[in-house]
Amino acid sequence: MVKIRLARVGRAKRPLYTIVAADSRMPRDGRFLEKLGQYRPNDSKQVLWDVKTDSIKSWLGKGAVLSETLTSLFKKNGIDLSS
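Computed from a predicted structure; not experimentally measured.

Criteria and thresholds
Residues numbered from 1 in each chain as written. Predicted model: local features only at pLDDT ≥ 70, side-chain atom pairs only at ≥ 80, totals over all residues. Heavy atoms only, no water. Core = buried A, V, L, I, M, F, W, Y, C linked by side-chain atoms within 4.5 Å. Buried < 20%, exposed > 50% of the residue type's maximum accessible area, 1.4 Å probe, protein only. Helix = DSSP H or I, 4+ residues; strand = E, 2+ residues; numbered from the N terminus. Contact = heavy atoms within 4.5 Å. Pairing = 2+ DSSP bridges. Axes fitted to C-alpha atoms, helices over the stretch in contact; angles between N-to-C directions. Polar contact = N/O pair within 3.5 Å; in protein donor to acceptor, adjacent residues only side chain to side chain. Salt bridge = Lys/Arg side-chain N within 4 Å of Asp/Glu carboxyl O.

Brief notes about the nonpolar core
For step 1, the next point in the chain: By size, the foremost hydrophobic cluster in this structure holds 15 residues, and its most contacted members are Ile-4, Ile-19, Leu-36, Leu-70 and Phe-74.
For step 2, the next point in the chain: Those elements that place two or more of their residues in this core are β1 (2–11), β2 (14–23), β3 (34–39), α1 (53–61) and α2 (68–76).
For step 3, the next point in the chain: Contact partners of Leu-36, with chain neighbours within four places excluded, come to Ile-4, Ile-19, Val-20, Ala-21, Asp-50, Val-51, Lys-52, Ser-55, Ile-56 and Trp-59.

Details of the sheet that holds strand β5 (residues 65–66)
For step 1, the next point in the chain: With respect to topology, five strands assemble into an open sheet ordered β4-β3-β2-β1-β5, the strand pairing being mixed. Strand pairing shows two members of the sheet lacking a second neighbour, β4 (48–49) and β5, which therefore form its edges.
For step 2, the next point in the chain: Across ten bridges, β1 lies against β2 in antiparallel orientation. What sits directly across from Gly-10, in β2, is Pro-15.
For step 3, the next point in the chain: The sheet contacts of α1 involve β1, β2, β3 and β5, and relative to β3 the element is tilted by about 125 degrees.

Regarding the environment of Ala-21
For step 1, the next point in the chain: Assignment of secondary structure puts Ala-21 in strand β2.
For step 2, the next point in the chain: Ala-21 gets classed as buried once you look at its relative accessible area, which sits at 0%.
For step 3, the next point in the chain: With 34 residues separating them along the chain, Ala-21 and Ser-55 place their C-alpha atoms 9.6 Å apart.
For step 4, the next point in the chain: With sequence-adjacent residues up to four places away left out, Ala-21 is seen in contact with Val-2, Lys-3, Ile-4, Phe-32, Leu-33, Glu-34, Leu-36 and Trp-59.

As for the side chain of Ser-55
For step 1, the next point in the chain: The topology assignment puts Ser-55 in helix α1.
For step 2, the next point in the chain: Among the polar contacts made by the side chain of Ser-55, one reaches the side chain of Glu-34 at a distance of 3.4 Å.
For step 3, the next point in the chain: Apart from the residues within four sequence positions on either side, Ser-55 is in contact with Glu-34 and Leu-36.

Considering the pattern of salt bridges
Where side chains of opposite charge bring their charged atoms close, a pairing between them can arise.
For step 1, the next point in the chain: Within the structure shown, the criterion is met by two salt bridges.
For step 2, the next point in the chain: The salt bridge involving Asp-23 is made with Arg-25; its shortest N-O contact spans 2.8 Å.
For step 3, the next point in the chain: By relative accessible area, which is 69% here, Arg-25 ends up exposed.
For step 4, the next point in the chain: Among the salt bridges present, the one from Asp-29 reaches Arg-28, with a minimum N-O distance of 2.9 Å.
For step 5, the next point in the chain: For Asp-29, a relative accessible area of 42% corresponds to the partly exposed category.

So, in structure tokens, the structure goes:
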């Protein structure tokens, strides 16, 4: 099953997460199918960067599942993935 989830990158005390489509059996920071954007929790102005909503909708149409964290993150930031 394909999941759309966060993969941690960045250095200690300065987290940066990449939004990826990955096989659910792969490790959190392991192999992925496609990069879909970035999440920067410590950025005061813009938290989400380069989010490819068309690609995310395409993956969801193919049966991928959003993680709970991304679902709430998209809802908080007003990103609508319906239709």
